[in-house]
Structures are given as structure tokens and as C-alpha cells.
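Letter by letter, the chains look like this.
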Amino acid sequence: MRYAVFGLGNSAYASHFNKVGKNVDKWLWTLGAHRVVARGEGDCDVANSKHGSIEADFGAWKTKFLARLHTLEKGEKKPCDGSCRRGQCESSAEEEPFESTSEDESGAEDRPNPNPVVDVEDLGRIVSCAKREKREKEQQEKSGLLRSSGKNGPGERRAMITPALREALTRQGYQLIGSHSGVKLCRWTKSMLRGRGGCYKHTFYGIESHRCMETTPSLACANKCVFCWRCSVIAPVVLMRISFMTGDAERLFMCLLAIWMSSSEKYLFRHHTNPVGTEWRWKMDQPEVILKEAIENHQSMIKQFKGVPGVKEERFEEGMMVKHCALSLVGEPIMYPEINRFLTLLHECKISSFLVTNAQFPVEIRNLKPVTQLYVSVDASTKDSLKKIDRPLFKDFWQRFLDSLKALAAKQQRTVYRLTLVKAWNVDELQAYAELVSLGNPDFIEVKGVTYCGESSASSLTMANVPWHEEVVHFVQDLVDLIPDYEIACEHEHSNCLLIAHKRFKVGSEWWTWIDYDRFLELVREYEHSGGSATFGAQDYMARTPRWAVFGARERGFDPKDTRYQRKNKSKDISGC
């Protein structure tokens, strides 16, 4: 039997990178099969990929693979390129060729093992040697990564957005900016332009959804959440069993084999469309350029609605003037090294800031300048469930998570926990959630049912995991019973979302969850001019919440100024398109 292996993985998971491909290669060689070409390793981490993307990695390996097939088809008996001395090929059995990769192609292609039968007493030596070489290789890779991250200048780093990623995101409606940023028009922006209602932030905090720009300065993230809609899946390994019964090498039978080691290991080999990483390792664009192009691209998308039936003229004119920025489009915006400068530029342009982080960068949270409202995603309340739902890259993800919540507690401006309920996954952890609330002491807690975005091999979520709105209400009521300093403040039924607020935002019998945006901009301007000495708190720029937005109102969070839109053949009213 002759074979070739190309493994797929993500080097962000250093201890598991291409593990399946390596094992398959090792096992087949140990059983006496003959490798046609050295194993290839595809890396979907664009920062570390040898050729810039996993597709390019495969393309480079495939070229060598097909060339080798042509050589074998012509009857070439030599297992390598023939440049080595007879009997001294680098891929001899004593050197354990199953650990070779595409890096060794120049002289390490395998020849048939002259003794394909492995004695039982030799297996211990083979396995020990393989483990030793693997440890040495991982140490070399780690030291090389550290050297490269310390020496590479900005001009030597790769762009985060590869051509393949650019094509994929453009098809999804993203307007990409530079080498690592993007902006996209939110469906609630379109909805409010038509007078069909705003998003939950309009109900909870008074933003004008048609004037909100959804963007990110970093498409990369340190998590691979199961409910993220920006994901795809690739098979963990492509194993090609070559048959030489046909005369056309390029039409040889090729069999795709997905090797799954165990149910707990499957997710390690899945990847999202967007890059992932635990630190910034890409080229970096200046914040001035990102903001300028983000606003221009947003305005360009708004312009497309001019004259569209149903769009209100006054809202179209207002929509051309960005007033709010939701840094929650995709990725982890706090990873961007110039995030503080970007926030300052937003505020100078009289644009409020809503920044969302996945609670894996506690140091960056502590160093963050004032934000209009700072969110932390609390997708689970225990270590096991967080690992299962968020699938973080950091090995110390739980400690980072807890440290991020502690860092949030030290913030003076508005802070929010954002809970996404996934039925049968994290809805039974009420007491643990209550303990996390006491750790971060947020001003607000948003509780939202997970949104089902269709079937995907990258996630096992189904419609059965989506809680009904009344189930979310029941969860929130039970949670509030465990946190006496909080009450249910607002509701946005058509987003399946509720807001729990600290009682300090209840003045008398009225809730003050809305934001006085002009006052915030005044306060942050004074903060900047004083060099950070003129501090201010969340209650310094709060505003009264209208009655229609309060929990228990008959509108259930829908602004009566707008018209509820009902789709045809739908029994329930929904807002938006």
C-alpha cells in the first residue's frame, strides 16, 4: 500500500496541531505502508501558515504530490529525488520518517521501507523516538515563534485578511478595511430606516439604530464559540490512498477520510472563516485610516437605500451621520493594539462607543480608556461549560475569564454582562451565574436567547437549543431572585432579550437605563483634556427610560413611534427584514 497524507489544523492549538494527520502518517508507516510524498500540514492560522492560508498550503503540497505521481507513473523506482548517496537517504527507517513534513521535501521524501514488518520488541523504541522528536520539534517551533514575534517589524508581518478570506467575507456583505478591519450594515439599521423598529439597544439604552455603525478593528478572535455564525468546517485530515492501476496520475482515485479521535477532540480541528489567535501577529493599520474608511463605507451602504420604498426620508438623512459605533461585528476588537487611540478618535467625532469583549484579555480591559458602554460576554458560568460553548484558545482560559470580570468591576463607566442562553447547555447554572455577578458587579446584565443561524457542521446547535421568549423571561426571573441588588428593567421581545439593571439606576420608581450621549461626550472630553484626572462614573450620564421600554409594558419593548412589520404567512409580528 502506498499513501499520502495532508493534515488540516490550526497552529493556535499548539499541543494538538495536525495531530490526526501525524498519527495517521505514523500508523500507516508503522504498519508497513509506503509514503509517496512527505506529509503536508495545512494551517488555517494565517499568521503562522507557511504560504499565507490553508488553501495555499494545500496548493504547494499538491504540486509536489502530483509531480511525484507523474514520476511514479513513468516507472521511476527511486523513492526520493536521487540526490542522496545509495543507502544513506535521509528518510531511512532509523530516523522515523513519519515525523517528516512538507518542510523536509528537499531531501526527506520516503523510499519504501526495505523491512516493512516491525517486530513487537521494536515498537517501544519507535514510539519513544517519535515522542522525543515530537517534543524537540514543538520546542523548536515555540522558540522560533517567540523569536519571530519579537524581531518581525510591521513590514514583515502578514496581512490578517488573506485573498480567500476577503472573498468569503465580501460575499457575506462585509466592507473590508485595510488588512484587518471591517464594517457591515446591521439588519436593525435597515429596519429603523424603514420605520419598522430598532434593536434592543434602542429599547434598553436609547441609541438610534439607523445611526449606528457596526464595525471592528480586528477580525481575529481568541474563541470559536459554537453559536458564532461566521464559521465553517474542514475535515481534519485528507488521506489519499493511491492506486496505480490507471495511466492518468491526475485521475487517480482519491479518498477523503475524516478521522475523529474522540468526541471531545473533534472541535479542535474545526475552524472559523475568520482568523484566530491569542496575540496580535499581523500587519497593523493606523486607527485614523480605519475610522475614516469605516465611516465612508458605512455611508456608502446607507446611500444604497435612497429612494427605496418604505425608507423614511428624514431617517435616511440622519443615517448618513454616524452617532453610535458598535464594536461587536466580529472578532475581538480589544486585541487591536491601538484600540485606545481608536476609541479616542470615535469620541472626538462625537460618536458613542459600545465595545464587546470575550473576557480573555484582562490586562487589556484594565488598560482600556473610558467607553460609553463596555460589554463582557458571559456565555457560561462554569469552566466546563465555558470550554464547551466558547471553545477558547488559551489554556488558562478560565483564569483569564475570572480576571476579566474582576477588571470589569474596577471600571467606572457603564459595564454590562451579556449572557447568551443555549437551551440544554447553560440554562441550568443559575447559582454559578449569580456568583459571577458578584465578582464583576456589572451595571447591567443582558440575557438573550441564542439565535439559530441554520445547520452547520461546525456546530451541533439546532432549533431545539433556542429558548422561547417566555423561557428566557423565566430564567431571568429566577436569576434576579439570587441577586438582590438587581431587578428586571427592560424587555425587547422581538430580539428575545431582557435587561437586568442594578438598583442604583432606579430613581424613585423610574428606571434610568438610557444614556445621555451628549453628556458622555462632554465628560470624556474633560477626561482627555485633564490627562485622565477628571474621572466620571456611569450615573453621571444616565437618562430616564421611557415607559414603553420598561419590563411589563404592553409594547414589550417596541417603540410606538414605529410600525410593527408582519411577514406574510406568519402568525407572529416581527420587526426588521
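Bear in mind the structure is a predicted one, so any value in this text is a computation, not a measurement. (Residues numbered from 1 in each chain as written. Predicted model: local features only at pLDDT ≥ 70, side-chain atom pairs only at ≥ 80, totals over all residues. Heavy atoms only, no water.)

(A) Region of interest: the overall build of the protein. Secondary structure summary: the protein contains 15 helices and 20 strands in total. Here the protein, with 577 residues, has 54% of them falling under the buried criterion. For the protein, contacts bridging at least 24 residues in sequence account for 75% of all contacts bridging at least 6. Carbon together with sulfur atoms contributes 50% to the accessible area of the protein, which is approximately 26400 Å² in total. (Helix = DSSP H or I, 4+ residues; strand = E, 2+ residues; numbered from the N terminus. Buried < 20%, exposed > 50% of the residue type's maximum accessible area, 1.4 Å probe, protein only. Contact = heavy atoms within 4.5 Å. Areas by Shrake-Rupley, 256 points an atom, 1.4 Å probe, with all protein chains shown as cover.)

(B) A look at unusual backbone geometry. Not every positive phi belongs to a glycine, and Asn441 is a case in point at roughly 45°. In this structure, Asn441 sits in the loop between α13 (430–440) and β14 (444–449). Residue classification places Asn441 among the partly exposed positions, given a relative accessible area of 37%. Phi at Arg556 is positive, roughly 55°, even though this residue is not glycine.

(C) Spotlight on helix α9 (residues 339–348). Across the ten residues that make up α9, a large majority, seven, are buried. Those residues of α9 lying buried are Ile339, Phe342, Leu343, Thr344, Leu345, Leu346 and His347. Buried residues along α9 sit against α7 (287–303), β10 (324–327), β11 (352–357) and α15 (517–529). The first or second residue beyond α9 is Lys350, which carries a positive phi of 60°.

(D) Structural context of the environment of Phe397. In this fold, Phe397 is placed in helix α12 (residues 397–409). Using a relative accessible area of 6% as the deciding quantity, one classes Phe397 as buried. In this structure, the C-alpha to C-alpha distance between Phe397 and Lys383, residues 14 residues apart in sequence, is 8.5 Å.

(E) Inspection of the sheet that holds strand β15 (residues 486–492) at higher detail. The mixed open sheet is built from ten strands, whose spatial order is β4-β5-β6-β10-β11-β12-β13-β14-β16-β15. Because the sheet does not close on itself, it has two edges, and the strands there are β4 (175–177) and β15. Across the sheet, the mean angle separating the axes of adjacent strands is 25° when strand polarity is ignored. As paired strands, β14 and strand β16 (residues 497–502) are joined by five bridges and run antiparallel to one another. Note that in β16 the partner of Phe444 across the bridge is Ala501. (Pairing = 2+ DSSP bridges. Axes fitted to C-alpha atoms, helices over the stretch in contact; angles between N-to-C directions.)

(F) Up close: the side chain of Asp443. The residue Asp443 is located in the loop between α13 and β14 in this model. A distance of 2.7 Å separates a polar atom in the side chain of Asp443 from a polar atom in the side chain of Arg504. When residues no more than four places from it in sequence are discounted, the contact partners of Asp443 are Gln413, Arg414, Thr415, Tyr486, Ile500, Ala501, His502, Arg504, Phe505 and Ala538. (Polar contact = N/O pair within 3.5 Å; in protein donor to acceptor, adjacent residues only side chain to side chain.)

(G) Spatial organisation of the packing of α7 against α9. Following both chains from N to C, one finds α7 and α9 inclined at 45°, their axes separated by 9 Å at the closest point. By the criterion of interaxial angle, the relationship of α7 to α9 is oblique. Handedness of the α7/α9 crossing: right-handed. Between α7, through Pro287, Glu288, Ile290 and Leu291, and α9, the contact on the second element is made entirely by Arg341, Phe342, Leu345 and Leu346. Grouping the constituent residues of the contact of α7 with α9 by class yields six nonpolar, no polar and two charged. (Parallel < 35°, antiparallel > 145°, perpendicular 65-115°, else oblique. Left-handed = near helix turned anticlockwise from the far one by under 90°. Nonpolar A, V, L, I, M, F, W, Y, C, P; charged D, E, K, R; others polar.)

(H) Main features of the pattern of salt bridges. One pass over the structure, following the stated rule, counts 17 salt bridges. For Glu208, the salt bridge goes to Lys323, with nearest N and O atoms at 3.1 Å. Of this pair, Glu208 sits in the loop between α6 (200–205) and β6 (212–216) while Lys323 sits in the loop between α8 (313–319) and β10, and the two are 115 residues apart along the sequence. Residue classification places Lys323 among the partly exposed residues on the basis of a relative accessible area of 22%. A salt bridge links Glu296 to Lys292; the shortest N-O distance between them is 2.8 Å. Separated by four residues within a single helix, Glu296 and Lys292 lie in helix α7, roughly one turn from each other. Counted as one network, the salt bridges with shared partners bring together Asp25, Arg35, Arg39 and Glu41. (Salt bridge = Lys/Arg side-chain N within 4 Å of Asp/Glu carboxyl O.)

(I) Representation of the environment of Glu313 within the structure. Inspection of the secondary structure puts Glu313 in helix α8. You can call Glu313 exposed: its relative accessible area is 62%. Note: C-alpha distance between Glu313 and Leu193 (120 residues apart in sequence) is 8.4 Å.

(J) Molecular detail of the packing of α12 against α13. One way to put it is that α12 packs onto α13 with a least axis distance of 7 Å and a crossing angle of 50°. On the basis of their axis angle, the class for α12 and α13 is oblique. From α12, Phe401, Leu402, Leu405, Lys406, Leu408 and Ala409 reach across to α13, where they touch Leu436, Leu439 and Gly440. Across the contact of α12 with α13, the residue classes break down as seven nonpolar, one polar and one charged.

(K) Broad picture of the packing of aromatic side chains. In the structure shown here, the tally under the stated rule is 19 aromatic pairs. Considering the side-chain rings of Phe6 and Phe58, the 5.0 Å spacing of their centres and the 75° angle between planes classify their relative orientation as edge-to-face. Residue Phe6 is located in strand β1 (residues 2–9), and its partner Phe58 is located in helix α2 (residues 54–73); the two are separated by 52 residues in the primary sequence. A residue is classified by how much of its surface remains accessible, and Phe58, at 27% relative accessible area, is partly exposed. Both rings, one in Trp61 and one in Phe65, keep their centres 5.0 Å apart while their planes meet at 5°; by these two values the pair is stacked. Taken together, the positions of Trp61 and Phe65, both in helix α2 and four residues apart, correspond to about one turn of that helix. When its relative accessible area of 1% is taken as the criterion, Phe65 is described as buried. Pairwise contacts between aromatic rings join Tyr200, Phe204, Tyr205, Phe354, Phe444, Phe505 and Tyr517 into one cluster. It is Arg187 that lies over the ring of Trp188; its NZ or CZ is 4.3 Å from the centre. (Phe/Tyr/Trp six-rings, centres within 6.5 Å; stacked < 30°, edge-to-face > 60°. Lys NZ or Arg CZ within 6 Å of the ring centre and 35° of its normal.)

(L) Quick peek at the state of the cysteines. In total, this model carries zero disulfides according to the counting rule given. The cysteine Cys325 is free of any disulfide, with Cys212 supplying the nearest cysteine sulfur at 7.1 Å. (Disulfide = S-S within 2.5 Å.)

(M) Examining the confidence of the model for the protein more closely. Chain-level pLDDT for the protein is 79 on average; 72% of the residues reach the 70-or-more range. Below a pLDDT of 50 lies the segment residues 571–577, which in the model reaches 28 contacts outside its immediate sequence neighbourhood of four places, other chains included. (pLDDT = per-residue confidence, 0-100.)

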